[in-house]
Amino acid sequence: MNSLLAYIPALPLLGFIILSLFGRRSPKPVIAWVGAGTVCLAALITIAVGVAFMQSTPANGAYSQLLWSWFRVGALSVDINLRVDALTLVFIFIITFVGALIHIYSAFFMWHDRDMARFFASMNLFVCSMLLLVMADNLVLLYLGWEGVGLCSYLLIGFWYEVPSNSRAANKAFLITRIGDTALLIGLFLLFKELGTLNMNAIQQQAPQHFTTGSADIVLITVLLLVGGMGKSAQMPLQTWLPDAMAGPSPVSALIHAATMVTAGVYLIARMHGLFLLSPVTMAIVAIVGAVTLLVAGCSALAQTDIKRILAYSTISQIGYMFLALGVGAWSAAIFHFFTHAFFKALLFLAAGVVIEALHHEHNIFRMGGLRKRMPEVFITFLAGAAALSALPLVTAGFFSKDAILWYSWSSAGGTSVLWFMALVGAFITALYSTRLMLVVFWGEMRTPVHQQPDRGMVIPLIILAFFSITAGFIEWPHNMLHLSLFSDHVQQVLPATVMKRDLPSEWLFQAIATVITLTGVYIGYMLYYGKSGVRWQQSPPLAATRDFFFSGWKFDQLYNFLFVKPFLFLTRVNKSDVIDKLYNGIAQAGLRLNGWFSVSQNGSLRLYIVGVLAGILFIITLQLLL
Amino acid sequence: MTNLQLLALLPFMVLATAAVVVILLIAFKQSHTVIQVTGFFMMCAVVLAMWFVRDTLPREVPPLLVVDGLAALFTGLIIFSVLVVGLLSYIYFEEREENPKEYYILLFLATLGAAVLTISRHFISFFIGLELLSVSLYALIAYLRNRNNAIEAGVKYLMLAALTSAFLLFGMALIYMETGSMEFTAIGNAITKSGTSVLFLMGIGLIVVAIGFKLALVPFHLWAADVYQGAPAPVTAFIATVSKIGVFAVFVRFAQAIHLHENALAVTVLTVIAIACMIAGNVLALMQQNIKRLLAYSSIAHFGYLLVAFLSGDAGVGAGVFYLLAYSITLLSAFGIITLLSTRRKDADELSGYRGLFWRNPLMAAIFTVALLSLAGIPLTAGFPAKFFILTVGVQQHMWLLAVVLVLTSVIGLYYYLRIISTLFASPPLSPAKEKSLHPLFYAATYTSLVVLMFLLAWLGIFPGFIIDNVQEFLVIR
């Protein structure tokens, strides 16, 4: 099994190389087969590896394959070493399996785009980088994947680069995630300075001996890692890039900005749990960041009118749940939510893509409507996704994962009632905006006619994803209902078990409250948006102002514009003729001036040359006599 | 002289024989091609002889000569350069000169002179080697006697070389007077015993003048541009590589023997000279439009860098040898391109003639680009590790001033190298195709060797470790 690991990232890389070298001249079927085929093969290998892993857990709890030594400098030796343990297995399964479905979908979705080869090349490179990120056994290789996915995200957000706003969105995503990347890099440097290694296993083992719990070093390092994760995972206050990232094609949003890349921060924190556990302060910060983010983004999702922006804010909010779970030490719950979220959010994005295509690139949900009858497959699958998102009890995957987070946000050692309450409000908001989205798009009268039905090849991935959105939760039941905990048993080979408080109230009570809250959210959504009842209450001034505030994403863009962009532009205006440049210009000027002076000596006259030689001798002798 | 000593000198005897063989071939009225091919094989024979005697090293041949690892390195470098220069000479002289045959006698004699310099451990052999080299060079520079600036260059070189040779002899005499010996090691022993007197230091100063002239160090550099420009392109390549390698070799040996870098005064003088070289060479090249003159200025700057390694003492010798290797390969490929582009009447030395070369002849432009990047010290070419090693030893010896000047002037240097490269890729003017009268085989051979040089540059740039290890291995043979 070990020797198969390399093929998992290598196949998409091969696809990238083929497509980027020969893609321009290849016929479309070839592009589609290479682009989607490599990822499908990688998915099959992953499943084979996964099955083998389940049947007999390998020694040390991981498969690993050393490909080659990357570089050795002093004490630092970095190997290209792939390592698949239980945690990584979950991630590579999602990346390749959901990735394969999205690639198949894309083959149809992008068929009429003239840059199909470029699209698939970037997507394949993305899959390869993401796999490297999660399969790396050291942080340097992880960082390579980390940067790779950032690059691909940039390329794919700006895929339709001829529209200036798309390029701007790509730049924004790149620059803001860069803030996080820089913090991560500094964190890695500090970690190397402290421990002298960047190998993850070594870090996990050495950290408890090296750092005292809560010391300044470990707090600083973990906060820097957290900021890195916040950038990639679009958490407060670095969340502003993700809604704009919806400028990319829908499959990109599904793969990169919902299922995989944006959860890199979750992976990083889970992977580095040994460090984070040493710093309770950072854990609290992680939980608070997650809780605040899920509320802020949830409220913004309520007010959006663009179908993809609703889903984008929803993604931010759901990743907020994952961060919350990480912060309270509910490691497996966080990963479980990642697992289910990948299915239903990818599904929602893909279905949204179908809807948008069918309605002449209409993004505004209030100009959709009545699609229930016209696009029944999309309706059913979207319903499954939205139900999972709003966590309808027992019948959806989202319920099982979100319920676990809600429970742990109170009951785990790091949990508090405030966090639980915030998560509960978030659950209410989630149900509300999911219902709103569903009702406005699929019920009511049809405002834009459907001009084409989706291809079969696009519907089949939707159905598969819908199936998993409903059933993926059944592998992990709440303890009080059924003793089935396949998922947490699996990931707890790597991640520590959640530490619980004592003397807790019954879990049933919490589940009842959560269920009631969710159903209330759905009901209120139904009241407000079914039919035309919603129009009147929106007109009152305070509500309209609140809506505008939420619509603009809590004015974060304006705030950053005021805090950073404006002062920066001011500085550039002031410093138009760069002060620093003066130094370089000075060197150039001095060079030219000296050139003029020295050139005089090169007049071709032999006498002068002899004078030069004699001057040299005089110089040497004088120096000798002086010293 | 024992057999083993004789054996150790075998490569040099083969080299001397080469000149004789060429004379005989001319006497029997053989064609240019035959002489060229024979010369090539004679040089290969020298390489074989060096391989053959490698186990007998180190071997002293008192009182004049010593064949050790240092000598082997420098001689190898010289023979390698001459192989390429010889190859370039064929197409160059076949086209331009009805009588190119005697050229090879001079070429091999000059090479012998340079090779003798690398093994000399005595003033006599030093002087004989230097004169053998210089006298051959006078004729070589002025070999194309129909060209005005060739004659001018030859005469200038002759006058200045004679002047500095006089200083050299005077300096040697002063040192002999003070120490009573002309053997490097004996001089070294004498001064460790009795210290350095003013007259001795003055003698050193005068020798530095002569060496500075040969290496074109500031302020003895003024001839360089005129001679580089006037001499035939292959001869310019020869001056820039072989003659400088030989002189540098004897300078290194002399300095090691008399512990020059422990003498504060000499170090001060050489530091000033090195800084002056780096600044003057780079600055003079800035606006230069003539490629051969530009390369002259560039080589002044490069020997300024090399002096930084030299001043680092024993630690710098390995870096210096590596630098010379990288520099020789680079310059030979650059001059190879100049030779290939030269027309019957005129060398291709005007920058305007290179405009758009890439669109006419991508291979040539690629080779030239790599060579220029290497001269500028851009990573992935040989110039980068070479400069890096020098900077490293400089910093290790705490020569901060030199290191700073090296870095700053390298930045200035970047400008004029990139200026040429941008010219290569500019849109081309309409120009008639160059007529090719020679057998295509010779062009193929020249191109092949240039491509090999280009790959060598890249190889040295990417994997310098192999060469540097071998150099260090050789240097301990002493």
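Residues numbered from 1 in each chain as written. Chains lettered and ligands numbered in written order. Predicted model: local features only at pLDDT ≥ 70, side-chain atom pairs only at ≥ 80, totals over all residues. Heavy atoms only, no water.

S.K.: When you look at the packing of helix α15 (residues 331–358) of chain A against helix α17 (residues 376–389) of chain A in this model, what are you seeing that I'm missing?
M.R.: Helix-helix packing is characterised by the crossing angle of the two axes and by the distance between the axes. Residue and element names in this part refer to chain A. It is the contact of α15 with α17, at a shortest axis distance of 9 Å, that shows an interaxial angle of 145 degrees. Here α15 runs over α17; the crossing is left-handed. Facing α15, whose interface residues are F344, K345, L347, L348, A351, A352, V354 and V355, α17 presents V378, T381, F382, G385, A386, A388 and L389. In terms of residue class, the contact of α15 with α17 is built from 12 nonpolar, 2 polar and 1 charged. (Axes fitted to C-alpha atoms, helices over the stretch in contact; angles between N-to-C directions. Helix = DSSP H or I, 4+ residues; strand = E, 2+ residues; numbered from the N terminus. Left-handed = near helix turned anticlockwise from the far one by under 90°. Contact = heavy atoms within 4.5 Å. Nonpolar A, V, L, I, M, F, W, Y, C, P; charged D, E, K, R; others polar.)

S.K.: Sorry if this is basic, but what is going on with the packing of aromatic side chains here?
M.R.: For any pair of aromatic rings, the description rests on two quantities: the centre-to-centre distance and the angle between the ring planes. All names here are of chain B. Under the counting rule described, the total for this entry stands at 60 aromatic pairs over all chains. Ring geometry for F213 against W223: centres 5.2 Å apart, planes inclined by 45 degrees, an arrangement best described as tilted. Of this pair, F213 sits in helix α9 (residues 198–215) while W223 sits in helix α10 (residues 222–230), placing them 10 residues apart in sequence. Neither F213 nor W223 differs from the other in exposure class; each is buried. (Phe/Tyr/Trp six-rings, centres within 6.5 Å; stacked < 30°, edge-to-face > 60°. Buried < 20%, exposed > 50% of the residue type's maximum accessible area, 1.4 Å probe, protein only.)

S.K.: Please explain the environment of E507(A) as it appears in this structure.
M.R.: All names here are of chain A. Relative to the assigned elements, E507 resides in helix α22 (residues 507–529). Under the relative-accessibility criterion, E507 is labelled buried at 11%. For the pair E507 and N480, spaced 27 residues apart in the sequence, the C-alpha separation amounts to 6.9 Å.

S.K.: Where do I start with the confidence of the model for chain B in this structure?
M.R.: Caution is warranted with low-pLDDT regions, since their predicted coordinates should not be read in detail. Mean pLDDT over chain B stands at 89; residues scoring 70 or higher make up 97%. At the level of chain-chain contacts, confidence expressed as ipTM amounts to 0.86, with global pTM at 0.70. (pLDDT = per-residue confidence, 0-100.)

S.K.: Explanation requested: the domain arrangement of chain A in the structure shown.
M.R.: Note: interface size is frequently given as the accessible area lost on complex formation between the parts. According to the domain assignment, chain A consists of domain 1 (1–137), domain 2 (167–559) and domain 3 (577–626). The gap between the C-alpha centroids of domain 1 of chain A and domain 3 of chain A is 60 Å. (Domains from an automatic or database assignment.)

S.K.: I would appreciate a short explanation of a nonpolar patch on the surface in the present structure.
M.R.: Residue and element names in this part refer to chain A. A grouping of L559, F562, L563, F564, V565, F568 and L569 is seen on the molecular surface, where their side chains present a nonpolar patch of about 720 Å² in accessible area. Within the element layout of this structure, F568 appears in helix α25 (residues 556–574). Look at F568 and you get exposed, because its relative accessible area is 53%. (Patch = residues over 30% accessible without salt bridge, like charges linked within 9 Å, V, L, I, M, F, W, Y side chains within 5 Å. Areas by Shrake-Rupley, 256 points an atom, 1.4 Å probe, with all protein chains shown as cover. Salt bridge = Lys/Arg side-chain N within 4 Å of Asp/Glu carboxyl O.)

S.K.: Quick question: what am I supposed to make of the pairing of strand β1 (residues 62–73) of chain A here?
M.R.: Moving residue by residue along a regular strand, the side chains alternate between the two faces of the sheet. Bridge analysis of β1(A) against strand β2 (residues 76–85) of chain A gives 10 bridges, and the strand direction is antiparallel. Within β2(A), the residue paired with Y63(A) across the bridge is V84(A). (Pairing = 2+ DSSP bridges.)

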